[in-house]
Amino acid sequence: MSSTFDQIANIIAETCDIPRDTIKPESHAIDDLGIDSLDFLDIAFAIDKAFGIKMPLEKWTQEVNDGKATTEQYFVLKNLADRIDELVAAKNAGAGAAT
Amino acid sequence: MQLDYFQLIDRIVDLNLEAKTITVEAQVPEKHTIFEGHFPGFPIMPGVLLTEAMAQSSGWLILGVLKFERMPFLAIVKEAKMRGFVSPGQLLTIEAKLEHEGSGFAVTKAKGRVGKELKCSAEITFGLAPFPDPSFRTFMDAMANKIGFPLQAVAQ
C-alpha cells in the first residue's frame, strides 16, 4: 500500500500535469510547485475522495491569515500528508465510537 | 430561458435535499438573435449556454443544500460533452447531483436531456463564498420564487 505522501504526489502530478519525480516530501505546494488556488480545489476534491475525508481548507486558510499557523504546516507535502493521516485517524475513531 | 439576462432555466421541477439532486426545466426560445449567428440557416443552442444551464441548475441545488447561506460561483468545468444538437423551441430538462461538498467548494454532475435523449453532461466545481452584497441575496430570493424554488424545503 502506498504512503499518504505517494498518494498525494500522484494526485498532484495527474491533476496539475507536474512530473511526478519533481514532487518531493519537502515540496511546498504553492511556493515550489506553483499550484494555484483553482488547481488546489481540484486536488482537494481528489484527496477528499481518495481518503474519504473533508480537508478543512477554509479553517486552515483562516489560521494562516490570522497568523496562527504557517503555510508550511499545511502546504509542505510531508506536513499535508500528516494532516491527512490525522483526519483519517479522527474519522476512523469517530466511526469506531459510533458502533 | 431569458437569454438576454443570462437566465438559463425556467423552473425547478424537483429538489431532493436528502438525495442532493435537482431537476429543472428550460424552455429554449423559438427566436433569438443568438440563433441568427449560431448558425445562419441552422440554429442550435451554443454549447457554452448548455454548460451554463447545467451550472445554473447545479447552483440552485447547492443553494438548497447550503440553505442559501453561501453563493456558489462557477470555478471548474470538466468533461463537458455536447452530445447532440438542441434547437429553438425545445424543452431542455436538466438533472444535477451533488457529488461532493468540500471545504469552500462543491462538485456536481449534471445532465441535460430533450425528451429521453441525452444532449449534454458535465462535472462542475463551484467555489462557495458569502453573498458579497445584500442586494444580491435579495435578487436570488426573488429568482428563487420566480423559478419555483421550494423555499419551505430549506427552512426545515
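First, a word on scope: everything that follows refers to the structure included in this document. (Residues numbered from 1 in each chain as written. Chains lettered and ligands numbered in written order. Predicted model: local features only at pLDDT ≥ 70, side-chain atom pairs only at ≥ 80, totals over all residues. Heavy atoms only, no water.)

**With respect to the packing of helix α1 (residues 4-16) of chain A against helix α2 (residues 37-51) of chain A**
Two measures define how a pair of helices packs: the angle their axes make with one another and the distance between the axes.
All names here are of chain A.
Then comes step 1: Viewed as axis vectors pointing N to C, α1 and α2 meet at an angle of 140 degrees, and their least axial separation amounts to 10 Å. As judged from the angle between their axes, α1 and α2 are oblique. Classified by chirality, the crossing of α2 by α1 is right-handed. Where α1 approaches α2, its residues Thr 4, Gln 7, Ile 8, Ile 11, Ile 12, Thr 15 and Cys 16 are matched on the opposing element by Asp 39, Asp 42, Ile 43, Ala 46, Ile 47, Ala 50 and Phe 51.
Then comes step 2: Classifying every residue of the contact of α1 with α2 gives 9 nonpolar, 3 polar and 2 charged. (Axes fitted to C-alpha atoms, helices over the stretch in contact; angles between N-to-C directions. Helix = DSSP H or I, 4+ residues; strand = E, 2+ residues; numbered from the N terminus. Parallel < 35°, antiparallel > 145°, perpendicular 65-115°, else oblique. Left-handed = near helix turned anticlockwise from the far one by under 90°. Contact = heavy atoms within 4.5 Å. Nonpolar A, V, L, I, M, F, W, Y, C, P; charged D, E, K, R; others polar.)

**Quick notes on the packing of aromatic side chains**
All names here are of chain B.
Then comes step 1: A full pass over the atoms with the stated rule returns 8 aromatic pairs over all chains.
Then comes step 2: Between Trp 60 and Phe 68, the ring centres sit 6.3 Å apart and the planes meet at 55 degrees, which makes this aromatic pair tilted.
Then comes step 3: On the accessibility criterion, Trp 60 (6% relative accessible area) is buried.
Then comes step 4: Accessibility expressed as a relative area gives 2% for Phe 68, which makes it buried.
Then comes step 5: Three or more aromatic residues link up through ring pairs in this structure, and these residues are Trp 60, Phe 68 and Phe 149. (Phe/Tyr/Trp six-rings, centres within 6.5 Å; stacked < 30°, edge-to-face > 60°. Buried < 20%, exposed > 50% of the residue type's maximum accessible area, 1.4 Å probe, protein only.)

**Regarding a nonpolar patch on the surface**
Then comes step 1: Taken together, the side chains of B:Phe39, B:Phe42 and B:Phe85 present a nonpolar region at the surface, about 320 Å² in accessible area.
Then comes step 2: Counting through the fold element by element, B:Phe42 comes out in the loop between α1 (33-37) and α2 (47-65). (Patch = residues over 30% accessible without salt bridge, like charges linked within 9 Å, V, L, I, M, F, W, Y side chains within 5 Å. Areas by Shrake-Rupley, 256 points an atom, 1.4 Å probe, with all protein chains shown as cover. Salt bridge = Lys/Arg side-chain N within 4 Å of Asp/Glu carboxyl O.)

**Concerning the sheet that holds strand β4 (residues 91-101) of chain B**
Residues and elements named next belong to chain B.
Then comes step 1: With antiparallel pairing, 6 strands are arranged side by side in an open sheet as β1-β2-β4-β5-β6-β3. Of all the strands in the sheet, the pair left with one neighbour each is β1 (11-16) and β3 (71-82). The mean angle between the axes of side-by-side strands here comes to 20 degrees, regardless of whether they run parallel or antiparallel.
Then comes step 2: Here 8 bridges tie β4 to strand β5 (residues 105-114), and the two strands are oriented antiparallel to one another. Paired with Ile 94 across the strands is Gly 112, a residue of β5.
Then comes step 3: Contacts between α2 and the sheet are confined to β1, β2 (21-27), β3, β4, β5 and β6 (117-129), with β6 contributing the most and set at about 55 degrees to the helix. (Pairing = 2+ DSSP bridges.)

Treat this as a map of the structure, not an account of what it does.
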